[in-house]
Amino acid sequence: MIKIKNTMNKKDIILFVIGILTSAFLTAVDLFTKQIIIDKVLFNSEIVVIKDFFSITHIRNTGAAWGIFSTQTDILSIVTIICSAMVVYFMYAATVNKPVLFCLSSILAGACGNLIERLKLHYVTDFLAFNIFGYDFPIFNIADIAIVVGVGFLLLDIAIEEYKTWKLSKSA
């Protein structure tokens, strides 16, 4: 759970720096994989890795998830900058445990990876294509994974903390 406080002690500063460095590392991994795809895989081509399940497919996404808001690149960039600033604020101003710090770092990395490409290229390179039980899942990238994993584990942490609070209130 995130608890806002006014000052940071040495441990908090170290955790904040670790969080920022983790985010920078994950952003670099995302951008590196996207550059490999741009350099090595022809646009709109597919490399089948596991037949009828997984392929590398080079596409350009001008929108957000599932291509929504595809004509709103500027608005997506502004929203991403605002959300990223909020995540950095929570990393700075919150007393966080290590799992929450990882969640926030992961969310920030995903947002930054896609933002950098969106600002530089006016689109985001997506390349991970899955067909799950006959459903062609929307193509995504490492940044998308970072965001989903970060949000998923953050929601799990919040649910666990809420459950603990609820259980304590029932026992009192």
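Treat the numbers as computed from the prediction; the structure is a model and nothing was measured.

Such a bond, covalent and formed between the sulfur atoms of two cysteines, is termed a disulfide. For the coordinates displayed, the defined rule picks out zero disulfides. Distance from the sulfur of Cys103, which forms no disulfide, to the nearest cysteine sulfur (Cys112) is 16 Å. On the basis of relative accessible area, Cys103 is assigned to the buried category, the value being 2%. Note on Cys112: no disulfide assigned, nearest cysteine sulfur contributed by Cys83 at a separation of 11 Å. Its relative accessible area of 22% is what places Cys112 among the partly exposed residues.

Oppositely charged side chains can pair when the atoms bearing their charge come close. All told, the structure shown has four salt bridges when counted by the stated rule. The closest approach of N and O atoms between Glu117 and Lys34, which form a salt bridge, is 3.8 Å. Taken together, the positions of Glu117 in helix α3 (residues 98-121) and Lys34 in helix α1 (residues 10-40) put the pair 83 residues apart, joining distant regions of the chain. Lys34 shares its class with Glu117; the two are buried. In this structure, a network of salt bridges that share partners links the residues Asp30, Lys34 and Glu117.

Counted residue by residue, strand β3 (residues 54-61) has six buried out of eight residues, so it is predominantly covered. Turn length for the strand β2 (residues 46-50)-β3 hairpin, with the two strands adjacent in sequence and antiparallel, is three residues, and the turn residue Asp52 shows positive phi of about 60°. Pairing geometry for β3 and strand β5 (residues 124-132), over six bridges, is antiparallel. Residue pairing in the sheet places Asn61 in a bridge with Val124 of β5.

Here we come to the environment of Leu26. Its location among the elements puts Leu26 in helix α1. Each C-alpha atom, one on Leu26 and one on Ile107, is 9.8 Å from the other, the two residues being 81 residues apart in sequence. With near-sequence residues (within four places) excluded, Leu26 lies in contact with Ser106 and Ala109.

In terms of residue burial, β5 counts as a mostly covered element, since seven of its nine residues are buried. Linking β5 back to strand β6 (residues 135-136) in an antiparallel pair, the connection comprises two residues, with Phe133 at a positive phi of about 50°.

Our focus in this paragraph is the layout of surface pockets. Size it by volume and the largest pocket reaches roughly 880 Å³. Forming the boundary of the largest pocket are 35 residues, of which Ala64, Ala65, Asn114, Asp144 and Ile147 lie nearest the centre. Listed by contribution, the elements that provide at least two residues to the lining of the largest pocket are α2 (73-93), α3, β5 and α4 (142-171). Looking at which element gives the most residues to the lining of the largest pocket, the answer is α2, with nine residues. Broken down by class, the residue content of the lining of the largest pocket amounts to 25 nonpolar, seven polar and three charged. The space that makes up the second largest pocket amounts to roughly 200 Å³. As for the second largest pocket, its lining consists of 15 residues, of which Glu46, Ser55, Ala129, Asn131 and Asp136 are closest to the centre. Looking at the lining of the second largest pocket, the elements that each hand over two or more residues are β2, β3 and β5. In terms of residue class, the lining of the second largest pocket is made up of nine nonpolar, two polar and four charged.

Cut-offs applied
- Residues numbered from 1 in each chain as written.
- Predicted model: local features only at pLDDT ≥ 70, side-chain atom pairs only at ≥ 80, totals over all residues.
- Heavy atoms only, no water.
- Disulfide = S-S within 2.5 Å.
- Buried < 20%, exposed > 50% of the residue type's maximum accessible area, 1.4 Å probe, protein only.
- Salt bridge = Lys/Arg side-chain N within 4 Å of Asp/Glu carboxyl O.
- Helix = DSSP H or I, 4+ residues; strand = E, 2+ residues; numbered from the N terminus.
- Pairing = 2+ DSSP bridges.
- Contact = heavy atoms within 4.5 Å.
- 1 Å grid on protein atoms, 1.4 Å probe; cavity = no way out; pocket = protein on both sides within 12 Å on 5 of 7 lines; lining within 4 Å.
- Points joined across faces, edges and corners; volume = space filled by probe spheres on them.
- Nonpolar A, V, L, I, M, F, W, Y, C, P; charged D, E, K, R; others polar.

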